Amino acid sequence: LAYLPYGLVLVIPLIAYANTIVPGLLYPNSQVYGFWTSVGRWMTLLWVLLDFGTGTAATWYFAIYHQRYPQQAYRYFQFYVWWQLLSGEIFAGIMGMATALVLPSTRIAHLAFYLAVYSIQGLLRSLDLFHLYFRATQRLDYERMVTLTVSVVTVVAQIPAVAAFRRWGATQPAIGQGIGAVLGMGVGLYVAQWAGFLL
């Protein structure tokens, strides 16, 4: 209940940011934004598949064992972190090779930068550790605080990052403002994930 008012206050600005500011002001055209959201949906599905339920399992087993067998309980989170790091490295490596070697000769070559930005985010999946830990220890107030922080920092970080990368992209004919905006959105996401982890 303590965090419910913050969520209600922030929901309108976050919806306005996602539906008005991002597609209307940050992106140079709607096609670039459409590609960003489409690739994001597909990558989220891939991350769920690559997770193989390890996050849910770590939360569940920790909640069961942390009272009587704390050392064993923490090993489940240790496995989760190692799994995320290993699968993230493999996934980022495969996507990096695909975007550099395979995609340029296909009809979806224009999505290479989008996939590269999202695949790098896959390396940071282990930073969600504290979300799961707070859920397992029933500290949903802390989890909500981290979630709100990530949401706010995403907005605060993406706006200047997209503006800076668009300006930079405009000076690089091979990149352009569209790809510059994509890189800025990625930087904003990375900063937000690290901010939640450090908090």
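Conventions adopted
Residues numbered from 1 in each chain as written. Predicted model: local features only at pLDDT ≥ 70, side-chain atom pairs only at ≥ 80, totals over all residues. Heavy atoms only, no water. Buried < 20%, exposed > 50% of the residue type's maximum accessible area, 1.4 Å probe, protein only. Helix = DSSP H or I, 4+ residues; strand = E, 2+ residues; numbered from the N terminus. Contact = heavy atoms within 4.5 Å. Salt bridge = Lys/Arg side-chain N within 4 Å of Asp/Glu carboxyl O. Phe/Tyr/Trp six-rings, centres within 6.5 Å; stacked < 30°, edge-to-face > 60°. Lys NZ or Arg CZ within 6 Å of the ring centre and 35° of its normal.

Participant: Would you mind going over helix α5 (residues 112-122) in detail, with residue names and values included?
Facilitator: Within α5, 8 of the 11 residues are buried, which leaves it mostly tucked inside the rest of the structure. Next to the buried residues of α5 lie α2 (30-51), α4 (70-102) and α8 (176-198).

Participant: Break down the side chain of Q84 for me, citing the residues and quoting the values.
Facilitator: Mapped onto the fold, Q84 is located in helix α4. Given a relative accessible area of 5%, Q84 falls into the buried group. What Q84 contacts, discounting residues up to four positions off in sequence, is D51, T54, R125 and S126.

Participant: Describe the pattern of salt bridges, naming the residues involved and giving the relevant values.
Facilitator: Enumeration over the complete set of coordinates arrives at 1 salt bridge. For R135, the salt bridge goes to E143, with nearest N and O atoms at 2.6 Å.

Participant: Lay out the packing of aromatic side chains in plain terms, naming residues and giving numbers.
Facilitator: Under the criterion given, the structure shown has 20 aromatic pairs. Relative to W83, the ring of F52 has its centre 5.7 Å away and its plane inclined at 80°; by these criteria the two rings are edge-to-face. Remark: W83 occurs in helix α4 and F52 occurs in the loop between α2 and α3 (54-65); sequence separation between them is 31 residues. For F52, a relative accessible area of 62% corresponds to the exposed category. Residues W194 and F197 carry aromatic rings whose centres are separated by 5.8 Å and whose planes lie at 90° to one another, so their mutual orientation is edge-to-face. Highlighted residues: W194 and F197, both in helix α8, separated by 3 residues, approximately one helical turn. The structure contains a cluster of three or more aromatic residues connected by ring pairs, namely F62, Y74, F77, F130, Y133, F134, Y142, W194 and F197. One cation-aromatic arrangement involves R139 over Y142; the distance from NZ or CZ to the ring centre is 4.1 Å.

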